[in-house]
Amino acid sequence: MYVIVVDFEVEPGRQGEFLALMNENAAASLADEPGCLQFDVCVGEPGQIFLYEIYRDVAAFREHAQTAHFRRFDEASRAMVKSKSVRSFERVWPAHA
């Protein structure tokens, strides 16, 4: 399985607006993408958002990046993001979701 971890730092005062968009994107990903197995949205310190996403494989993640809901989120949230870090991993345990 393919894991994506994303750390966002959101502009001050934009966290609520950003989370509304992110939650919509996460819900659509889980509902509409058979290859999206998990999509966790977590909040830390003010302005800090952490995502943990699991996809069946890298191809499923690439499909996710081309969906209309992801593109809408990406465009609508771009001005809200102060910084963003994306890392990818292969999940080895547990082997199956």
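The paragraphs below set out a description of the structure included in this document. (Residues numbered from 1 in each chain as written. Predicted model: local features only at pLDDT ≥ 70, side-chain atom pairs only at ≥ 80, totals over all residues. Heavy atoms only, no water.)

This brings us to the side chain of Ser-29. By secondary structure assignment, the location of Ser-29 is in helix H1 (residues 15-32). A distance of 3.4 Å separates the side chain of Ser-29 from the side chain of His-64, its partner in a polar contact. Other than its neighbours up to four places away in sequence, Ser-29 contacts Cys-36, Phe-39, His-64 and His-69. (Helix = DSSP H or I, 4+ residues; strand = E, 2+ residues; numbered from the N terminus. Polar contact = N/O pair within 3.5 Å; in protein donor to acceptor, adjacent residues only side chain to side chain. Contact = heavy atoms within 4.5 Å.)

Okay, the sheet that holds strand S4 (residues 81-90) next. Read from one edge to the other, the open sheet built from four strands follows the order S2-S3-S1-S4, with strand pairing classed as antiparallel. Each of the sheet's edge strands pairs with one partner strand only, and the pair in question is strand S2 (36-43) and S4. Going from strand to strand, the sheet's axes swing by 15° on average, the running direction of each strand aside. As paired strands, S2 and strand S3 (residues 48-55) are joined by seven bridges and run antiparallel to one another. Residue Val-41 lies in a different strand from S3, and its bridge partner there is Leu-51. Across the sheet, helix H2 (residues 58-65) lies against strand S1 (2-10), S2 and S3, angled at about 125° from S3, the strand it touches most. (Pairing = 2+ DSSP bridges. Axes fitted to C-alpha atoms, helices over the stretch in contact; angles between N-to-C directions.)

Now for the pattern of salt bridges. Counted according to the given criterion, the structure contains five salt bridges. Close ionic contact of Glu-9 with Lys-82 constitutes a salt bridge, the shortest N to O distance being 3.8 Å. Of this pair, Glu-9 sits in strand S1 while Lys-82 sits in strand S4, and the two are 73 residues apart along the sequence. In this structure Glu-9 comes out as partly exposed when scored by relative accessible area, which is 27%. Its relative accessible area of 49% is what places Lys-82 among the partly exposed residues. With a closest N to O distance of 2.9 Å, Arg-78 and Asp-74 form a salt bridge. On the basis of relative accessibility, which here comes to 53%, the residue Arg-78 falls in the exposed class. (Salt bridge = Lys/Arg side-chain N within 4 Å of Asp/Glu carboxyl O. Buried < 20%, exposed > 50% of the residue type's maximum accessible area, 1.4 Å probe, protein only.)

These figures come from the coordinates and say nothing about function on their own.
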